[in-house]
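# An overview of the molecular structure
In case you want the letters, here they are:
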Amino acid sequence: MVNQTKQAELSKDTLVAMYQEMLLARRIDERMWLLNRAGSIPFVVSCQGQEVAQIAASYALNKDEDFVLPYYRDLGVVLHFGMTVKEVFLQAYGKAEDPNSGGRQMPSHYGQKKNRIVTGSSPVTTQVPHAAGFALASKMEKRNVVSFVTLGEGSSNQGDFHEGLNFAAVHKLPMIVMVENNKYAISVPLSRQVACENISDRAIGYGIPGVTVDGNDALEIYRVVKEAHERALNGEGPTLIETISYRLTPHSSDDDDMTYRTKDEVADHRTLDGIAQFRDMLIEQGYLTEAEDQEIEEKIKQEINEATDYAENAPYAGVSTLTDHVYGQGGE
Amino acid sequence: MAVLTYIQAVNQALREELERDEKVFILGEDVGQRGGVFLATDGLYEQFGEERVLDTPLAESAIAGVGIGAAMYGMKPVAEMQFADFIMPAINQIISEAARIRYRSNNDWNCPITIRAPYGAGVHGGLYHSQSIEAIFANQPGLKIVMPSSPYDAKGLLKSAIRDEDPVLFLEHKRAYRLLKEEVPEEDYTLPIGKAETKRSGEDVTVITYGLCVHFAKQAAEKLEQEGISTEILDLRTVYPLDQQAIIEAASKTGKVLLVTEDNKEGSILGEVAAIISEHCLYDLDAPVKRLAGPDTPATPFAAPLEKAFLVNADKIEQAIRELAEF
């Protein structure tokens, strides 16, 4: 159950807004699966099970200044940082108006400069050195800006995780690294990915704080990320945060998770769904009524319907644009 | 005008760009107080301080990756790979990231990073301090690969690379660092990336090459001139993407083409140059296109006789030009 002793920091309105964003990410993701199974979109890679961590962490950041370097499951993060529902569907359909890539990248390869969402690729963990680069640049320019970078637990085995964190630690850069540990890297469970107990144990090797937190405990995640944010701005360097959640869907729409885990295991974790726990807490506290919850659901559904229709009918980029933007137009 | 070595010209370009634009900064191994193992950054730490001449941990993927992040932010990083041979851990960052950032974001983001690396053999560097690495990167749209052949070119092209709005891999032949000297203007000038340059005008045979091999080709051409063989030399300067028009014109002019690289022969830049010539110049050719390159061994051996045997030099180029002239 959600720890209720730390709520004081966040107002009722903020908590309800957080809930709405978590729910929005979940409902968008669910719609994506329907569209995929109906043959409308070719690919989905999900956020389900990680929305609480994504939204709680995002609320602890400065969404008007900080840079975020999300990985492909971070729908919650990009929504919070300003990507619209319509834009999310445009990228799922690969349409010309997709602000992430104009339909060039597979879905969930986020990037939107005006919202400081840094463009990402498919090879995992390359974004960690980039985050150090953003943090280095903002430090050089003496701006109070933090870079926030996320990845999965399997990705923490990549060299770029080590190289990027070590660099940021040596130069005391304003960076937060959040590993969203969802227990599986496609089919390979955590026990076959790492031999240490927690991913956050790796922080000691960089001489920085490492914290493991329940990925369904929004208030604790908020507190931990807020603290890391303050450390970063105080010139104390990066923090490694690990959120423990569970991947509720297969790795992607092309994966069959029943080849490596059981229905019962997934069902057990569904009963522990962090969004439902958060809603129950709001209702218990008197911050939300069942009727208000229904209104939120309706509003989200309508927004998703409109976005789906828009994206489905939007044009693809013309083939004449295929070779555009390989290079810029010249020098300075 | 001062006479500068190749490495002094590199140093001067870096100094002037650091002075000109506060967004420019240098990062790499030993680039700070040490001034770089070849002294490319000599004196810059003292003049510009630790923040702009940054010693990094020994980790090449981070040198590239942190630079890429800073470039996306809007800085103009100049990342140094201590030896081109050690760029391999950074290939994912350079190819999957830097080269694709503009295209994959549909022009929303760009990555104006310069990555400098000393390449090439002839200094007893053995397998891992001698390699030519350009071909590895030479089919990656989004990336530019510049390989200057002289101190003058090094200064002007490095300034252009730093000011370019896209990623540039800037490869300097380490033997050229102290071997080549010439007059280099002290004022600001740039040279165009993507353009080859005719280094010598001739009528009988065209040599198309780049990097230090241009120097050897010039030596060969001077000698052959006394025998009455007139050699045209085209310096590619940018080996990716290639200046097709200049290649076509140079090949058509004499109809006899020698392509030269220090790199291994198979899969080198020369294959692409030959393909351009065969597509466009068939009826202008008077002899088959000839390639002179390193043998297809994994790299240059350490032992002096083996290293010498591996390397292209002025004598080998002279012989190849003569054979073509006599064809």
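Attention here is on the structure that accompanies the text. (Residues numbered from 1 in each chain as written. Chains lettered and ligands numbered in written order. Predicted model: local features only at pLDDT ≥ 70, side-chain atom pairs only at ≥ 80, totals over all residues. Heavy atoms only, no water.)

A few words on the overall build of chain A. Assigned secondary structure in chain A consists of 10 helices and 7 strands. Its C-alpha atoms give chain A a radius of gyration of 19 Å, near enough to 20 Å, the size a compact globule of 332 residues would have. Oriented by its inertia axes, the alpha-carbon framework of chain A measures out at about 60 × 50 × 40 Å. Classification of the 332 residues of chain A by burial places 58% in the buried group. Accessible surface for chain A amounts to roughly 13,300 Å². Of this, 49% is attributable to carbon and sulfur atoms. Averaging the coordinates of the 31 positive side-chain charges in chain A and doing the same for the 49 negative ones gives two points 3 Å apart. (Helix = DSSP H or I, 4+ residues; strand = E, 2+ residues; numbered from the N terminus. Rg over C-alpha atoms; globule rule 2.2 N^0.38 Å. Buried < 20%, exposed > 50% of the residue type's maximum accessible area, 1.4 Å probe, protein only. Areas by Shrake-Rupley, 256 points an atom, 1.4 Å probe, with all protein chains shown as cover. Lys, Arg positive; Asp, Glu negative; His and termini not counted. Charge placed at Lys NZ, Arg CZ, Asp CG, Glu CD.)

Let us look at the packing of aromatic side chains. Where two aromatic rings form a pair, the distance of their centres and the angle of their planes describe that pair. For the coordinates displayed, the defined rule picks out 13 aromatic pairs over all chains. Look at Phe134(A) and Trp109(B): their rings are 6.0 Å apart centre to centre, the planes differ by 85 degrees, and that puts the pair in the edge-to-face class. Here Phe134(A), found in helix α5 (residues 127-140), pairs with Trp109(B), found in the loop between α5 (101-104) and β5 (114-119), and the two come from separate chains. Residues Phe134(A) and Trp109(B) agree in their burial class; the two are buried. Pairwise contacts between aromatic rings join Tyr6(B), Phe38(B), Phe83(B), Phe86(B) and Tyr177(B) into one cluster. Looking at Lys95(A), its charged tip hangs above the ring of Tyr316(A), at a distance of 4.9 Å from the centre. (Phe/Tyr/Trp six-rings, centres within 6.5 Å; stacked < 30°, edge-to-face > 60°. Lys NZ or Arg CZ within 6 Å of the ring centre and 35° of its normal.)

Many structure descriptions define interface size as the accessible area lost when the parts assemble. Contacts between the two partners involve 48 residues from chain B and, on the opposite side, 46 residues from chain A. Summed over the shared surface of chain B and chain A, the result is 1 salt bridge. One salt bridge in this structure joins Glu141(A) and Lys23(B), with 2.9 Å as the shortest N-O distance. The tally of links between chain B and chain A comes to 23 residue pairs in polar contact (both at pLDDT 80 or more). For the side of chain B that touches chain A, the secondary structure elements donating two or more residues are β2 (24-28), β3 (53-55), α3 (60-73), α4 (91-97) and α5 of chain B. Residue contributions to the side of chain B that touches chain A peak at 10 residues, all from α3(B). (Contact = heavy atoms within 4.5 Å. Salt bridge = Lys/Arg side-chain N within 4 Å of Asp/Glu carboxyl O. Polar contact = N/O pair within 3.5 Å; in protein donor to acceptor, adjacent residues only side chain to side chain.)

Attention now goes to unusual backbone geometry. Following Tyr240(B), the chain continues to Pro241(B) via a peptide bond in cis, the omega torsion being -10 degrees. Mapped onto the elements of the fold, Pro241(B) is located in the loop between β12 (238-240) and α10 (244-254). Its identity is not glycine, yet Ile186(A) carries a phi of approximately 50 degrees, on the positive side. One can find Ile186(A) in the loop between β4 (184-185) and β5 (188-189). Phi angles above zero are rare outside glycine, and His325(A) is one such case at about 65 degrees. Inspection of the secondary structure puts His325(A) in the segment after α10 (290-313).

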